[in-house]
Amino acid sequence: MRSIEENFSQEIKRPVIGITGDVMETSTGARHSVRDSYVSAIINAGGIPLFIPSTGDLEIAYALYRMVDGLLFTGGVDIDPAVYGEPVAGTEMDDVSEARDTTEVQLARWAFSDDLPVLGICRGQQLVNVAAGGTLYQDIPSDLPDNGVDHRGSTYTNDRGLYTHRVDIEPSCGLAGIFGETEFLVNSLHHQGVKQVGEGLKVVGTAPDGMVEALEGPGHRWLYTVQWHPEELWRKQSAASNLFKGFVEAAAQHFAQREAAAVAV
Ligand code: MN
């Protein structure tokens, strides 16, 4: 009979996905957290989740970064406009986290230069855009006229997977091939959005009002971001589960290279 460790050693021949998360002050002290929906989505797709806390300590972040085969930038608090060189407009802002902004912008830039697979979700899309030199709408309802698309539509219910608006995906882009379809409904829980697109990124998905809903990094091995929350949809929507599978498959190639390099040493 094989030992439990022998069984595990088979299991861990899988890519490690670094997952970022929030750090929030609570009445009993600061708390690092990430929603299980992200963790479950990565496990379901075949990856091993590794939480990367937003400490603001870049030496710690780099040590963890070196262990991963892909980076998932998750949803969360607003990005401080100072990160993209703009003053706070004075419109509605959620909390911001300097530790999280600092940690994630650096992680993204390491991933860009190493061509590590990256998936950005919601704040994660905005973070990737900002790390590439782009800017954001600080508050969509204040910055843009009301056009009938409610990007916070899933926020007002207890169902974070509530379909709120349609997205259209550019048929010729890699993301369309991953999703397996080019037009579908998504949930939406954001009040900020991509304004000026960052260097090396391309808009490949939009809402009916033109809001940027998906970005691609055409010069990268696997760099995609979405403004909605596929981690709340993968149990019921093939486009969402296909996205996580595509991401983990790309990370598996990185894992294979990392394994081969370790053997060669
Ligand atoms: Mn939206």
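Up top is the structure.
Residues numbered from 1 in each chain as written. Predicted model: local features only at pLDDT ≥ 70, side-chain atom pairs only at ≥ 80, totals over all residues. Heavy atoms only, no water.

### Comments concerning the packing of aromatic side chains
Where we set the bar: Each pair of aromatic rings taken from Phe, Tyr and Trp, with Trp reduced to its six-membered ring, is defined by centres within 6.5 Å and is described as stacked if the planes are under 30 degrees apart, edge-to-face if over 60, and tilted in the remaining cases. Note on classification: 1.4 Å probe, protein chains only; a residue is buried when its accessible area is under 20% of the maximum for its type, exposed when over 50%, partly exposed between these limits. Think of it this way: any DSSP run of H or I at least four residues long counts as a helix, any run of E at least two long counts as a strand, and we number them from the N terminus. Two conditions define a charge located above a ring, namely a distance within 6 Å from the ring centre to NZ of Lys or CZ of Arg, and an angle within 35 degrees of the ring normal.
Enumeration over the complete set of coordinates arrives at eight aromatic pairs. Seen in terms of ring centroids, Trp222 and Tyr224 are 4.7 Å apart; in terms of plane orientation they differ by 85 degrees. Their pairing is edge-to-face. Taking relative accessible area as the criterion, Trp222 reaches 7% and is therefore assigned buried. Given the relative accessible area of 10%, Tyr224 is considered buried. Their ring planes at 35 degrees and their centres at 5.3 Å tell us that Trp222 and Phe247 sit as a pair that is tilted. One end of the pair, Trp222, is in the loop between strand E12 (212-216) and strand E13 (223-226); the other, Phe247, is in helix H8 (residues 238-264), and 25 residues separate them in sequence. Through pairs of rings, three or more aromatic residues link up here, namely Tyr62, Tyr65 and Trp110. Here the basic side chain of Lys236 rests over the ring of Tyr163, its NZ or CZ set 4.3 Å away from the ring centre.

### Quick word on the coordination of the manganese ion
We apply this condition: Note: metal donors comprise N, O and S atoms at 2.8 Å or less from the metal (3.2 Å for Na, K and Ca); water molecules are not included, so apparent gaps in a site are possible.
Only His151 (ND1), His165 (NE2), Ser188 (OG), His190 (NE2) and Glu213 (OE) from the protein reach the manganese ion as donors, at distances of 2.3 to 2.4 Å. In the primary structure, the donors to the manganese ion are separated according to the pattern H-x13-H-x22-S-x1-H-x22-E. Remark: Ser188 occurs in the loop between strand E9 (183-186) and strand E10 (193-194) and His151 occurs in the loop between helix H6 (140-143) and strand E8 (165-169); sequence separation between them is 37 residues. Comparing His151 with Ser188, the two get one shared label, buried.

### Comments concerning the pattern of salt bridges
Threshold: Take a side-chain nitrogen of Lys or Arg and a carboxyl oxygen of Asp or Glu: if they are within 4 Å of each other, that pair is a salt bridge.
Overall, the coordinates contain eight salt bridges when judged by the stated rule. As a salt-bridge pair, Asp101 and Arg123 come within 2.8 Å of each other at their nearest N and O atoms. Residue Asp101 is located in helix H4 (residues 98-114), and its partner Arg123 is located in helix H5 (residues 123-131); the two are separated by 22 residues in the primary sequence. On the basis of relative accessible area, Asp101 is assigned to the buried category, the value being 5%. On the basis of relative accessibility, which here comes to 1%, the residue Arg123 falls in the buried class. Each of the salt bridges in this network shares a partner with another, and the network as a whole consists of Asp22, Arg100, Asp101, Glu104 and Arg123.

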